[in-house]
Amino acid sequence: MIIDCHGHYTTVPQAHTDWRKAQLSSESTPAYPNISDDEIRESIEGSQLRLMRERGVDLTIFSPRASAMAHHEGTEEISRQWAEACNDLIHRVTRLYPDNFAGVCQLPQSPGVPIANSIGELRRCVEELGFVGCNLNPDPSGGHWTSAPLTDRSWYPFYEAMVELDVPAMVHVSAVTNPNFHATGSAYLNADTTAFMQFMQSDLFKDFPDLRMIIPHGGGAVPYHWGRFRGLADMLDRPPLAESVMRNVFFDTCVYHQPGINLLFEVIDLDNLMFGSEMVGAVRGIDPTTGHYFDDTRRYVEALGLTDPDRARVFEGNARRVYPRLGN
């Protein structure tokens, strides 16, 4: 079985997107539209599900569109309404296609609002909707980094809930308003790298030995500067990365060329790697040097020539270990 740990609902029905625009522009919250099951099927079967079948992916761990989380928009109440609407839509997809999609929730984060206020939505999604994890935004300000580091104790109540519910978080930022950063080209990768450095500098995983974090997009810059991070750990008198971070942190394979995947697998232990494509996501075009889609990441992993046991770990086993609510 092949499990894609990183998929977003980027093809939502237009009525959902239109409601969001109205929500942000209206003085009072408009009624949420009546979106039919057929509209959801149309949005999934011609895009996400078609590509999964063409590329041989069986199950996608599915969350709302990351760039549309937009935690910097509106008030805390607006963010709560938007998160609930997005998560309910993901739930409907998982109900219509239970063999193909498992839900991961968006959180109702908002700048300056304690992350503890997001615990209720996490519980609702896990306990009532059957979701298997969450996306956690380390920068809900939209690219201005006004929040405390992920290792600050202000995040601890949320981590306690994660551990209690036995769910991981994918560290994933959203849209940016800071003109210095392109969202998917720099802000995402900056956040991935920043999160890893924060983890490395802290004793977070001593306090939460069962906490699990996924750093997407191949770990940002981390695997490609592994010597720098090992050296910094030594200079900062931190334990080796294998002891202090990598028991709790995992990377996906959302790296869109073969040399990058080759390096990722050469540097990072297989137990810390999960297959992911971010499909349909940041890079949707065809690579002119190969004739294949950039985000058809299965091709890159298959080209590594892994043994059958190692291949099974990357494509399925590690995801089931990191997301135990997927079951066996």
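The structure we're discussing is the one just above.
What you see is a predicted model, and the numbers here were worked out from it, not measured in a lab.

S.K.: Before we move on, can you summarise the pairing of strand β3 (residues 101–105) with the specific residues and values?
M.R.: Summarising burial for β3: 5 of the 5 residues are buried, a large majority. The side-chain alternation of β3 yields two buried faces, one formed by Phe101, Gly103 and Cys105 and the other by Ala102 and Val104. Note: strand β2 (residues 59–64) against β3, 3 bridges, orientation parallel. Looking across to β3, one finds that phenylalanine 62 is bridged to glycine 103. Pairing between β3 and strand β4 (residues 133–136): 2 bridges, direction parallel. Its bridge partner being in β4, valine 104 is matched across the sheet by glycine 133. Where the polypeptide runs from β3 across helix α5 (residues 119–128) and back to β4, its parallel neighbour, the crossover connection is right-handed.

S.K.: So what about the state of the cysteines? Which residues, and what values?
M.R.: Across all of its chains, the model carries 0 disulfides by this definition. Here cysteine 105 stays unpaired: no disulfide links it, and the sulfur of cysteine 125, its closest cysteine neighbor, is 4.2 Å away. Overall, the relative accessible area of 0% leaves cysteine 105 in the buried class.

S.K.: Tell me about helix α1 (residues 14–25), residues and numbers included.
M.R.: Three or four residues apart is the spacing at which side chains of an α-helix point the same way, because the helix has 3.6 residues per turn. A rise of 1.5 Å per residue sets the reference length of α1, with its 12 residues, at 16 Å; its end C-alpha atoms lie 17 Å apart and thus fit the reference within 8%. Restricting attention to buried positions, one finds in α1 the residues His16, Trp19, Arg20 and Gln23. In an axial view of α1, the angular spread of the buried residues amounts to 100°, which keeps them on one side of the axis. Of the residues in α1, the exposed ones pointing more than 90 degrees away from the buried face are Lys21 and Ser25. On its buried face, α1 is in contact with α3 (66–69) and α4 (76–96).

S.K.: Quick rundown of the pattern of salt bridges? Include the residues and the values.
M.R.: Tallied over the entire structure, the rule returns 18 salt bridges. In this structure, aspartate 88 and arginine 124 form a salt bridge, with 2.9 Å as the shortest nitrogen-oxygen distance. Placement of aspartate 88 in helix α4 and of arginine 124 in helix α5 is noted, with a sequence separation of 36 residues between them. Between arginine 123 and glutamate 127 there is a salt bridge, with the nearest N and O atoms lying 3.6 Å from each other. Taken as a pair, arginine 123 and glutamate 127 lie in helix α5 at a separation of 4 residues, close to a single helical turn. Since its relative accessible area comes to 24%, arginine 123 is described here as partly exposed. Put simply, Glu77, Arg80 and Glu84 are held in one network by salt bridges that share partners.

Parameters at a glance
Residues numbered from 1 in each chain as written. Predicted model: local features only at pLDDT ≥ 70, side-chain atom pairs only at ≥ 80, totals over all residues. Heavy atoms only, no water. Buried < 20%, exposed > 50% of the residue type's maximum accessible area, 1.4 Å probe, protein only. Helix = DSSP H or I, 4+ residues; strand = E, 2+ residues; numbered from the N terminus. Pairing = 2+ DSSP bridges. Right-handed = clockwise from strand over helix to strand, strands pointing away. Disulfide = S-S within 2.5 Å. Expected span 1.5 Å × (residues − 1). Arc of directions from axis to C-beta. Contact = heavy atoms within 4.5 Å. Salt bridge = Lys/Arg side-chain N within 4 Å of Asp/Glu carboxyl O.

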